[in-house]
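Letter by letter, the chains look like this.
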Amino acid sequence: MQTYFRRDAIASCNQHNVVYDQRLLLVLDGTDLVGAAVHALTEADDPAGFRERALVAYAVSVDHQGKSLSDGRRASAAVLNAVFMDIASRHGEEQVVFLHASVHSANEASRTVLNRHGVQHNSTDGDYTLYTARLC
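The rules behind the values
Residues numbered from 1 in each chain as written. Predicted model: local features only at pLDDT ≥ 70, side-chain atom pairs only at ≥ 80, totals over all residues. Heavy atoms only, no water. Helix = DSSP H or I, 4+ residues; strand = E, 2+ residues; numbered from the N terminus. Phe/Tyr/Trp six-rings, centres within 6.5 Å; stacked < 30°, edge-to-face > 60°. Buried < 20%, exposed > 50% of the residue type's maximum accessible area, 1.4 Å probe, protein only. Expected span 1.5 Å × (residues − 1). Contact = heavy atoms within 4.5 Å. Core = buried A, V, L, I, M, F, W, Y, C linked by side-chain atoms within 4.5 Å. Pairing = 2+ DSSP bridges. Polar contact = N/O pair within 3.5 Å; in protein donor to acceptor, adjacent residues only side chain to side chain. Axes fitted to C-alpha atoms, helices over the stretch in contact; angles between N-to-C directions.

Student: Got a sec to walk through unusual backbone geometry? Specific residues and values, please.
Tutor: In this structure, Asp21 is a non-glycine residue whose phi angle is positive, near 50 degrees. Looking at where Asp21 falls in the secondary structure, it is placed in the loop between α1 (2–20) and β1 (23–29).

Structure (structure tokens):
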């Protein structure tokens, strides 16, 4: 995950921004980088119907995992809430928006965070657990 954010995230967001509205979010607590996330429209997105977005990447810095920020929020919640708020700002109130995520089955921390925030287990695909939530 760190490799993706360090090497590929900005280039990928620039490359896919026009077609997939790919967004890179950085979450800070003061001057500390708490985490980062990338979300984008999927190929199944239908501007005239249901909007479909994917959580492309999501990470909390090692120094902030399992910890609270200066405002009392959990670091993981702050990063995921930034994604939810950004998605809501991208789509009108009348639109139905679904968020999808694919998490390796061994990544218990990410699976717990998604469940805690209403992104529910949908199915499995090999070693990956697929999650979905209706955000708007």
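Student: Describe the packing of aromatic side chains, with residues and values.
Tutor: The geometry of two aromatic rings is summed up by the distance between their centres and the angle between their planes. The final tally for this structure, using the stated rule, is one aromatic pair. For the pair Phe50 and Phe98, a centre-to-centre distance of 5.6 Å together with 85 degrees between the ring planes defines the contact as edge-to-face. Taken together, the positions of Phe50 in the loop between β2 (32–41) and β3 (51–60) and Phe98 in strand β4 (residues 97–104) put the pair 48 residues apart, joining distant regions of the chain. Using a relative accessible area of 49% as the deciding quantity, one classes Phe50 as partly exposed.

Student: Lay out helix α2 (residues 75–90) with the relevant residues and their values.
Tutor: Between its first and last C-alpha atoms α2 spans 23 Å; for 16 residues at 1.5 Å apiece the expected length is 22 Å, and the two agree. Inspection of α2 places Ala75, Ser76, Ala77, Ala78, Val79, Leu80, Val83, Phe84, Asp86 and Ile87 among the buried residues, and these make up the whole buried set. On the buried face of α2, the contacting elements are β1, β2, β3, β4 and α3 (108–116).

Student: Please set out the nonpolar core residue by residue, giving values where relevant.
Tutor: In this structure, Leu55, Tyr58, Val79, Leu80 and Leu114 are the most contacted members of the largest nonpolar core, which totals 24 residues. Of all the secondary-structure elements, those providing two or more residues to this core are β1, β2, β3, α2, β4, α3 and β6 (128–134). With seven residues, α2 is the largest single contributor of residues to this core. Contact partners of Val79, with chain neighbours within four places excluded, come to Val27, Val34, Gly35, Ala36, Ala37, Tyr58, Ala59 and Val60. If you look at the next biggest cluster of nonpolar residues, it comprises six residues, including Phe5, Ala9, Cys13 and Ala57.

Student: Now, about the pairing of β6: what can you tell me, with residues and values included?
Tutor: Side chains of β6 alternate between two faces, with Thr129, Tyr131 and Ala133 buried and Tyr128, Leu130, Thr132 and Arg134 left unburied. As defined by bridge partners, β4 adjoins β6 across seven bridges and the pair is classed as antiparallel. From the neighbouring strand, Phe98 faces β6, where its bridge partner is Arg134. In sequence, strand β5 (residues 120–125) turns back onto β6 through a hairpin of two residues, with Gly126 there showing a positive phi of about 65 degrees.

Student: Pulling in residues and values, what's your account of the environment of Asp29?
Tutor: Along the chain, the position of Asp29 falls in strand β1. Separated by 49 residues in the primary sequence, Asp29 and Ala78 have C-alpha atoms spaced 9.5 Å apart. Beyond its immediate stretch of four places on either side in the chain, Asp29 contacts Val34, Leu69 and Ser70.

Student: Any details on the side chain of Thr129? Residues and values, ideally.
Tutor: Along the chain, the position of Thr129 falls in strand β6. With a relative accessible area of 5%, Thr129 lands in the buried category. Within polar-contact distance, the side chain of Thr129 engages the side chain of Ser105 at 3.3 Å. For Thr129, the residues in contact, after removing those within four places along its chain, are Ala101, Ser102, Val103, Ser105, Arg111, His121, Ser123 and Thr124.

Student: Give a description of the sheet that holds β3 that names residues and reports values.
Tutor: Ordered in space as β1-β2-β3-β4-β6-β5, the six strands form an open sheet in which the pairing is mixed. The strands lining the two open edges of the sheet, one partner per strand, are β1 and β5. Each strand axis lies, on average, 30 degrees off the axis of its neighbour in the sheet, ignoring direction. Looking at chain direction, β2 and β3 are connected through seven bridges and run antiparallel. Paired with Gly35 across the strands is Val60, a residue of β3. Against the sheet, α2 engages β1, β2, β3 and β4, with an angle of about 155 degrees to β3. Packed on one face of the sheet, α3 meets β3, β4, β5 and β6 and runs near 160 degrees to β4.

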